[in-house]
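The chain contents come next:
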Amino acid sequence: MYHNNSIRILTGNSHPELAQAVADRLNVPLVPCTVKKFSNGEIDVKIFESVRDEDVFIIQSGCADANDNLMELLILISACKTASARRITAVIPCFPYARMDKKDKSRAPITAKLVANMLVVAGCDHVITMDLHASQIQGFFDIPVDNLFSEPLMLSYIKRYIEGWKDAIIVSPDAGGAKRTTAVADKLGVEFALINRKRDGRKEDAPEKMEILVGDVKDKVCRCGFVPDVG
């Protein structure tokens, strides 16, 4: 049993490789636990070491199967809370339902606020996330929230691994990403472009199509869609 450090790291099934990489970097072993489903779909969690009076970090992203990953996270938080953990931090690289952060039409839910409430009720004391779709989501919580930014790492990656990046152009796939696109382009000293999208029809659920490209991308290396908005 490991007692040389008050930090304890757990993970669900969303991204065990990431949790293992973090544990290796910190030289802190992962707390052995199992997260599996019963035949009726209910999630069963078992933690095999004590977390009493420990600082617990639960690494669980909201990508891929967001609903199952969210429920796993909530149950892990609750299990650690009832096991008398001193402090529980949820590390959520991709915050689930972050795009539902406002009431943009009649009877629309603000699901990001609901997720924030569920995390607090489950027993979470602190949230660490990355590149929230909207920074105001931090205000949905009554607990501390650290919103980290991937932009510095992205800039470093582009300069190190993208050949001919000085002749590149940063492209935003829609108007919502224009601010982030221009920020990255300015820091790299390159041009940027914008794709305008329009709904194909009047219905709210009508598919969008790309209509106009603003900017000159001829003979440029284009990087599109990853100007950080992981949320």
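Once a new chain begins, its residue numbering starts again from 1 and follows that chain's sequence as written. Given that the model is predicted, a residue must reach a pLDDT of at least 70 before its local features are reported, and side-chain atom pairs must reach 80 or more before they are shown or counted; all residues, however, enter totals for whole chains, interfaces and linings. Water and hydrogen atoms play no part in the side-chain values, which are based on all heavy atoms of the structure.

*Asks:* Help me out: how do you make sense of the side chain of D131 in this one?
*Replies:* Along the polypeptide, D131 turns up in the loop between β6 (126-130) and β7 (145-148). A simple rule labels every residue: compare its accessible area, found with a 1.4 Å probe on the protein chains alone, to the largest value its type can have, and call it buried under 20%, exposed over 50%, or partly exposed in between. Residues scored as charged are limited to Lys and Arg (positive) and Asp and Glu (negative), so that His and the chain ends carry no count. Salt bridge, as used here: a side-chain nitrogen of Lys or Arg that lies within 4 Å of a carboxyl oxygen of Asp or Glu. In this structure, D131 is buried with no salt-bridge partner, the nearest side chain bearing the opposite charge being R180 at 7.4 Å. One polar contact links D131 to S150, side chain to side chain, over a distance of 2.5 Å. Per the convention used, a helix needs a DSSP run of H or I reaching at least four residues, while a strand needs a run of E reaching at least two, with both numbered from the N terminus. Contacts described as polar in this section are N or O atom pairs within 3.5 Å, which, within protein, must combine one atom able to donate a hydrogen with one able to accept it, while residues neighboring in sequence count only if both atoms come from side chains.

*Asks:* Before we go on, may I ask you to explain the packing of helix α4 (residues 151-161) against helix α5 (residues 178-188) in this structure?
*Replies:* Helix packing for two helices is described by the angle between their axes and how far apart those axes are. To define axes, lines are fitted to C-alpha atoms, for helices over the stretch in contact only, and angles between the resulting N-to-C directions are given on a 0 to 180 degree scale. Where α4 contacts α5, the axes come no closer than 11 Å and their chain directions differ by 50°. By the angle class used here, α4 and α5 are oblique. Here the hand of the crossing between α4 and α5 comes out right-handed. Each of E151, L155, I158 and K159 in α4 lies in contact with α5, whose residues at this interface are A183, V184, K187 and L188. Of the residues in the contact of α4 with α5, the class split is five nonpolar, no polar and three charged. Note on terminology: angles under 35 degrees are roughly parallel, angles over 145 are roughly antiparallel, angles of 65 to 115 are roughly perpendicular, and the others are oblique. Handedness of each helix crossing follows the sense of rotation of the near helix against the far helix: counterclockwise by less than a right angle gives left-handed, clockwise gives right-handed. In what follows, a contact means two residues having at least one pair of non-hydrogen atoms within 4.5 Å. Throughout, the ten residues Ala, Val, Leu, Ile, Met, Phe, Trp, Tyr, Cys and Pro are labelled nonpolar, Asp, Glu, Lys and Arg are labelled charged, and all others, Gly among them, are labelled polar.

*Asks:* Explain unusual backbone geometry here, please?
*Replies:* Negative phi values dominate among residues other than glycine, just as trans dominates among peptide bonds. The phi dihedral of D53 falls on the positive side, at around 60°, and the residue is not glycine. By the secondary structure assignment, D53 is in the loop between β3 (43-47) and β4 (55-59). Residue D53 is classed as partly exposed on the basis of its relative accessible area, which comes to 47%. Look at Y97: it is not a glycine, yet its phi comes out positive at around 65°. Within the secondary structure, Y97 is located in the loop between β5 (87-92) and α3 (111-122).

*Asks:* Looking at this structure, how should I read α4?
*Replies:* Side chains three or four residues apart in an α-helix point the same way, a direct result of the helix having 3.6 residues per turn. Among the residues making up α4, those that are buried are E151, L155 and I158. Around the axis of α4, the buried residues are gathered within 65° of arc, so they sit on the same side. Facing away from the buried side of α4, by more than 90 degrees, are the exposed residues P152, L153, R160 and Y161. Buried residues in α4 make contact with α5. The directions from the helix axis to the C-beta atoms form the arc being described.

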